[in-house]
Amino acid sequence: MNSRFTLYGLGSPVRITAAVVITLLIVLTTACGSGNENGAASDNGQKQAEESRNNNAAQGSAEQKNEDASDEADEPKLQVITSFYPLQYMVEEIGGERVEARSLVAAGVEPHDWTPKSRDLQATSNAALFLYHGAGLEGWVDDFLGGLSKGSSVVAKEMSQGISLITGEGVHVHGEHDEDGHQDDEHEHGENKADEQGNSHSSDIDPHTWVSPKSALILANNVKDSLIEADESHAEYYQENYEALRAKLEELDKRYSEELGTLKQKNIVVSHQAFGYLARDYGLTQESIMGLNPGAEPRAQDILAIAKFVKEHGVQYIFFEELVSDDLANMLAREAKVDTMVLNPLEGLTKEQEKNGETYLTLMERNLQNLILALQ
Ligand SMILES: [Zn+2]
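Where an unreviewed UniProt entry is consulted, the chain appears under the name Metal ABC transporter solute-binding protein, Zn/Mn family, with the organism given as Paenibacillus chungangensis. As its UniProt record puts it under Sequence similarities (unreviewed entry), the chain is described as follows: "Belongs to the bacterial solute-binding protein 9 family."

As C-alpha cells, this is what we get:
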C-alpha cells in the first residue's frame, strides 16, 4: 500500500498523476469503510432487545413487590435514555442509584452513521426522559421524536443548549489549500462525495462540543436540570452528585488550560474533525483528514495538503481514534515519516474500554497526556 501511495514533490508544487489519484481514492475508500459497524449494530440491537425484555420483566416484578410490600420496597428508578455515551456518563454520575440510564448507540458503535430502529423508539417511548445532544449530532432526532408512541409521557431534552456552537466557515477544512494545483473535475467529484457522506450532520454546525471540558460543564448542568425536573423529589440528591461531577470537570478544565497553555506546538492533525471545541477553548489549531464525519471519503488533495502541512509545521504525531479504522492515519504518518497516537473524540467507548471501566473522565485525562506528549 505504501508504494502505491507515493506523493510526488511535496517540497515543490505538488504533481500527482490521475492514476495515482484514482488508486488513492480506491485505497482510501476501502480503508475508511468501518467494517464492523453493521455487525456491531445488529449485535447491539439484539442485546438491546434482550435488555428491554429483561427490563420489562424486572419492572413488572418490581411493581408487584411494591404493591405487596410496605414503604421499604425500592422505589422504581427513573428511566433515562440518552443518545450517546458522554450523556450516559453524565446521567450515571448525577443520577447515581436513582436512575437507570441507557444509551441508544451502544459500546463499539460509531454514532455518526447510526440510525434508530423501531425497538429504539419503543424503549424511548417507555422511558421518563430522553436526553440527546443536538447541534446536528443526531440527524435523525426530529423524525424520531415524531415517531414516539402517542401515549408516551417521555420528555425529550436537547443537552447542547447554552453552548456557544462553532458554525459556518470554520467548520469546513482545507478550503484554503485548494490552490495546490489539482484538477477541477477531481475537485467537484470529491466535494459531491463529501456532501453526500457528511449529511448526518446538519448543515454547517460542528456538533462535537463534549470533547472540551468547558462544554462538558454546560452539558452536565443541563443533565442535572433535566433530572431534577423529571424527579423533583430527589432534587437534593441530584444536586449533590452534580456538584461532585462539576468539581471533577472544573479540575479537568483547569489542567487542560494550564498544561496546553505552556506547549510550543499548537497544531493537531486528526483523522476526523472532532476537536474544534477543544482547539477553540484551549488555543490549538485542528487540521483534519476527513472532515466532520469519520465515514466521509477524504479527497486526494486534502491528503496531499495535510502531508504538506505536517512537514511544514514540524508536526510529530498524527492522531487517530479507536472507533474508526486507523489505516488512513497510518498511511499519512508513513508518508510524512511521523508517528501516530490516539486522540479520542469520546463519541463512544469500545467494548474493551467499557469492560475495563474506562469513563469519559479517564479518556479525557488520557487525551490530555497524549496531547502533552505530541505537542511538547
Ligand atoms: Zn464526530
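Still more to cover.
Here we look at helix 8 (residues 235-261)
For helix 8, spanning 27 residues, the distance from its first C-alpha to its last is 38 Å, which sits close to the expected 39 Å at 1.5 Å a residue. Along helix 8, the residues that are buried comprise Tyr238, Asn241, Tyr242, Leu245, Leu249, Leu252 and Tyr256.

Thoughts on the confidence of the model for the chain
For the chain, the average pLDDT comes to 78, and 71% of its residues sit at 70 or higher. Taken together, the stretch residues 1-73 has pLDDT below 50 and engages in 68 contacts with residues farther than four places along the chain or on a different chain. A low-confidence stretch, residues 172-202 stays under pLDDT 50, and its non-local contacts, those more than four residues away or across chains, total 43 contacts.

Here's the deal with the sheet that holds strand 2 (residues 99-103)
One open sheet holds the 4 strands; their spatial order is 2-1-3-4, and the pairing between them is parallel. The sheet is open, and its two borders are formed by strand 2 and strand 4 (155-158), each paired with just one other strand. This sheet shows a mean twist of 20 degrees between the axes of neighbouring strands, independent of strand direction. In terms of strand pairing, strand 3 (residues 129-132) meets strand 4 through 4 bridges, oriented parallel. Looking at strand 4, one finds that leucine 129 is bridged to valine 155. Set on the sheet, helix 7 (residues 213-230) makes contact with strand 1 (78-82), strand 2, strand 3 and strand 4; between it and strand 3 the angle comes to about 170 degrees.

Here's the deal with the nonpolar core
Of all hydrophobic cores here, the largest spans 74 residues; its most connected members are Val223 and Leu332. When residues of this core are assigned to their parent elements, the largest contribution, 7 residues, is made by helix 10 (residues 300-312). Leaving out residues up to four positions away in the same chain, valine 223 has contacts with Leu87, Met90, Val91, Ile94, Leu131 and Met159.

Regarding helix 7
Across its 18 residues, helix 7 extends 25 Å between first and last C-alpha, which sits within 8% of the 26 Å expected from 1.5 Å per residue. Turning to helix 7, its buried residues are Pro213, Lys214, Ser215, Ala216, Leu219, Ala220, Asn222, Val223, Lys224, Ser226, Leu227 and Ala230.

Concerning the packing of helix 3 (residues 85-95) against helix 7
Running from N to C, helix 3 and helix 7 cross one another at 55 degrees; their axes reach a closest spacing of 10 Å. When the interaxial angle is binned, helix 3 and helix 7 end up oblique. Seen along the crossing, helix 3 lies across helix 7 with a hand that is right-handed. Of the residues in helix 7, those touching helix 3 at Leu87, Met90, Val91, Ile94 and Gly95 are Leu219, Ala220, Val223, Lys224 and Leu227. Broken down by class, the residue content of the contact of helix 3 with helix 7 amounts to 8 nonpolar, 1 polar and 1 charged.

Notes on the pairing of strand 9 (residues 317-320)
Here strand 9 shows no split at all, with Tyr317 and Phe319 on one side and Ile318 and Phe320 on the other all buried. In the classification by handedness, the crossover that spans strand 9, the intervening helix 11 (residues 327-336) and the parallel strand 10 (residues 339-342) is right-handed.

Focus on the packing of helix 3 against helix 8
Taken N-terminus to C-terminus, the directions of helix 3 and helix 8 make an angle of 125 degrees; their axes are 7 Å apart at the nearest point. Taken together, the axes of helix 3 and helix 8 lie oblique to each other. Mapping the contact onto sequence places Met90, Glu93, Ile94 and Gly95 in helix 3 and Tyr238, Asn241, Tyr242 and Leu245 in helix 8. Along the lines of polarity and charge, the residues of the contact of helix 3 with helix 8 split into 5 nonpolar, 2 polar and 1 charged.

A few points about unusual backbone geometry
Backbone geometry places alanine 135, a non-glycine residue, at a positive phi of 60 degrees. If you trace the backbone, alanine 135 turns up in the loop between strand 3 and helix 5 (141-146). Here alanine 135 falls in the buried class, since 22 other C-beta atoms lie within 10 Å of it. Phi is positive for lysine 337, which is not a glycine, with a value near 60 degrees. Inspection of the secondary structure puts lysine 337 in the loop between helix 11 and strand 10. Since 9 C-beta atoms lie within 10 Å of it, lysine 337 is described here as exposed.

Rules behind the numbers
- Residues numbered from 1 in each chain as written.
- Predicted model: local features only at pLDDT ≥ 70, side-chain atom pairs only at ≥ 80, totals over all residues.
- UniProt positions renumbered as here; feature names shortened; annotations may be inferred.
- Helix = DSSP H or I, 4+ residues; strand = E, 2+ residues; numbered from the N terminus.
- Expected span 1.5 Å × (residues − 1).
- Buried ≥ 20, exposed ≤ 12 C-beta atoms within 10 Å, placed from the backbone.
- pLDDT = per-residue confidence, 0-100.
- Contact = placed C-beta atoms within 7 Å.
- Pairing = 2+ DSSP bridges.
- Axes fitted to C-alpha atoms, helices over the stretch in contact; angles between N-to-C directions.
- Core = buried A, V, L, I, M, F, W, Y, C linked by C-beta atoms within 7 Å.
- Parallel < 35°, antiparallel > 145°, perpendicular 65-115°, else oblique.
- Left-handed = near helix turned anticlockwise from the far one by under 90°.
- Nonpolar A, V, L, I, M, F, W, Y, C, P; charged D, E, K, R; others polar.
- Right-handed = clockwise from strand over helix to strand, strands pointing away.

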